[in-house]
Amino acid sequence: MEAEYLKNGEQIFKEYCLTAKNQPTMLPRAPEQTYIDKYPEEDQPAGPSFRDDRRHQLDYETEVKMYRASELGLDKNFIVLHSFIYTHDQYCLCAGKSHVRNIKTCNKCKNLFNKEGECDFIIICPDSFIVIEVKNMEHINGECTTRKLQALIGTYRKSAEQRSKIVELIKCIDQDAHILQFTAYPNFSKQFKEQFQFSELTEFRLIDDELSTIIFEEDISDHHNKVESSKNSATSFTEQTYPEQNYFSRIVSCFSRCCNKTTDTDDTSSEGEVLSDSDNNPSNRESVKTDEDVSNFAAWWADNVTQAISSIRRVSEETVSNTEIPISGYNQDSHEKARNILLAIWATDRNKCDQSKCSLGRCIMDVNKQLKEGRITFEPKKGNRRDQNPGVVKAPDVISNYVGVLNLTTQQNSVFNSSENMLWINGPAGTGKT
């Protein structure tokens, strides 16, 4: 089984992770659209509550911010795995003799394909691994209250537990692996750092070593500052301040960035059409990469990661040069083994490795399918009846049968049923004008 994972991981590395461009390998090529639904901005007094749904969507949007920072701030020497999930079966594979499969002594072995753990980001460096958990903290205007400090400490403790499980998994594969761990708060400002560092309440305080593992909003990008300076601009305020509400624009922008990585080997014709459309849009080309986008995260990476990796390299050189007393340190073979197994685990669902998950073409086609079918309405959960999103209606038969779009927004539906001979429809690419 291990040999199969090693083989699959090596194939993924050679096929998708070797690039001539000075950009990292992002897997998946664009963030998976976990929460594609269109949620009402406010709940109706007598209607269902979508508060939790909006919160889950915002939680995921913070991961997208971390994804973009990694994509724009790192170079080709890095592989970024987003949404890494592994099963108990895969843990047993990595643990080897230290964890023997036995349903009598391990309850988890009764359901080997149950999720064992997950991690928002694993960044594979040439000689180390970076583990990042992303947590969403609401924007704080004014005082950072005790309740918000308590929430931050709680999310940090939880992230530390999640990180430690991933570290254990990697150490099972390569016991000498060098691993750095961080927790990112893309919506939490560094200006409140001292408030929970010097809190009078011990339970709301983080020690210096814990604080050094936090990535703040300002570390990821200077987006917040740019937003504050542009609040008087009516044309750009909504898109710059609330990127999570401009889903379709973000998809187009994300694809245009992906398309500049021209080393992907897919030959899908539909993909080629998307690439052509994106590259011919000047606004997309201009939004690919700017100094302002990457300066903060690149600077944070240099201060907190590059120096540590340089230290690892020095240890490796000492190991090679010191023939009398070998030093436990970086080992290329064991590092590549860990890298390949992690790549294979990321692409494997149960026992089947789907390498096409690494493909830009597959990513585009999956999202395109979701958008085309209009699956932006709520599906009833098992055993739990639920009202439909008031902003979405079932598409008329002529639309669903001949166009393949299953649902429409209420605005699209009203346009379709309008008796006007000519309507002016304005909106960004991908919002369903056609």
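Look up: the structure comes first, before these words.
Residues numbered from 1 in each chain as written. Predicted model: local features only at pLDDT ≥ 70, side-chain atom pairs only at ≥ 80, totals over all residues. Heavy atoms only, no water.

Account for the pattern of salt bridges, with residues named and values stated.
For the structure shown, the criterion picks out 10 salt bridges. With a closest N to O distance of 3.3 Å, E116 and K108 form a salt bridge. Through salt bridges with shared partners, a single network forms among D354, R362 and D366. (Salt bridge = Lys/Arg side-chain N within 4 Å of Asp/Glu carboxyl O.)

Just give me the short version of the nonpolar core, but keep the residues and values in it.
One finds L81, F84, L342 and L343 to be the most contacted residues of the largest nonpolar core, which totals 35 residues. Mapped onto this core, the elements with two or more residues apiece are α1 (2-16), β2 (79-87), α3 (88-95), β3 (115-124), β4 (129-134), α4 (146-173) and α14 (332-347). Ignoring any residue separated from it by four or fewer positions in sequence, one finds L81 in contact with L27, D120, F121, I122, I124, L342, L343 and W346. (Core = buried A, V, L, I, M, F, W, Y, C linked by side-chain atoms within 4.5 Å. Buried < 20%, exposed > 50% of the residue type's maximum accessible area, 1.4 Å probe, protein only. Helix = DSSP H or I, 4+ residues; strand = E, 2+ residues; numbered from the N terminus. Contact = heavy atoms within 4.5 Å.)

Break down a nonpolar patch on the surface for me, citing the residues and quoting the values.
A contiguous nonpolar patch, built from V398, Y402, V403 and F416 and spanning about 430 Å² of accessible area, is present on the exposed surface. Structurally, Y402 can be placed in helix α16 (residues 397-402). Overall, the relative accessible area of 71% leaves Y402 in the exposed class. (Patch = residues over 30% accessible without salt bridge, like charges linked within 9 Å, V, L, I, M, F, W, Y side chains within 5 Å. Areas by Shrake-Rupley, 256 points an atom, 1.4 Å probe, with all protein chains shown as cover.)

Got a sec to walk through unusual backbone geometry? Specific residues and values, please.
With an omega of 0°, the peptide bond between L27 and P28 qualifies as cis. As for its position among the elements, P28 is in the loop between β1 (25-27) and α2 (51-73). In this model, S83 sits at a positive phi of 60°, which is unusual for a non-glycine residue. In this structure, S83 sits in strand β2. On the basis of relative accessible area, S83 is assigned to the partly exposed category, the value being 34%.

Let's hear about the packing of aromatic side chains: which residues, and what values?
Centre distance and the angle of the planes are the two values used to describe a pair of aromatic rings. Enumeration over the complete set of coordinates arrives at eight aromatic pairs. Each ring, one from F182 and one from W300, has its centre 4.9 Å from the other, and the planes form 75°; the classification is edge-to-face. Of the two residues, F182 sits in strand β5 (residues 179-184) while W300 sits in helix α13 (residues 291-321), which places them 118 residues apart along the sequence. Like W300, F182 is buried. Here F297 and W300 contribute two aromatic rings whose centre-to-centre distance is 5.6 Å and whose plane-to-plane angle is 15°, an arrangement assigned as stacked. Note that F297 and W300 are positioned in helix α13 at a spacing of three residues, about one turn of the helix. Through a chain of ring-to-ring contacts, three or more aromatic side chains come together here, namely F78, F182, F297, W300 and W301. Between R339 and the ring centre of F13, over which it is positioned, the NZ or CZ distance is 3.6 Å. Taking the ring centre of W346 as reference, the NZ or CZ of K357 above it sits at 4.6 Å. (Phe/Tyr/Trp six-rings, centres within 6.5 Å; stacked < 30°, edge-to-face > 60°. Lys NZ or Arg CZ within 6 Å of the ring centre and 35° of its normal.)

I'd like a rundown of α3, residues and numbers included.
Working note: α-helix, 3.6 residues per turn, so residues spaced by three or four point in the same direction. With eight of eight residues buried, α3 is to be regarded as a mostly interior element. Those residues of α3 that sit buried are H88, D89, Q90, Y91, C92, L93, C94 and A95. Among the residues trailing α3, G96 stands out with phi positive, at a value near 65°.

Note that every value here comes from positions in space, so none of it alone points to a role or purpose.
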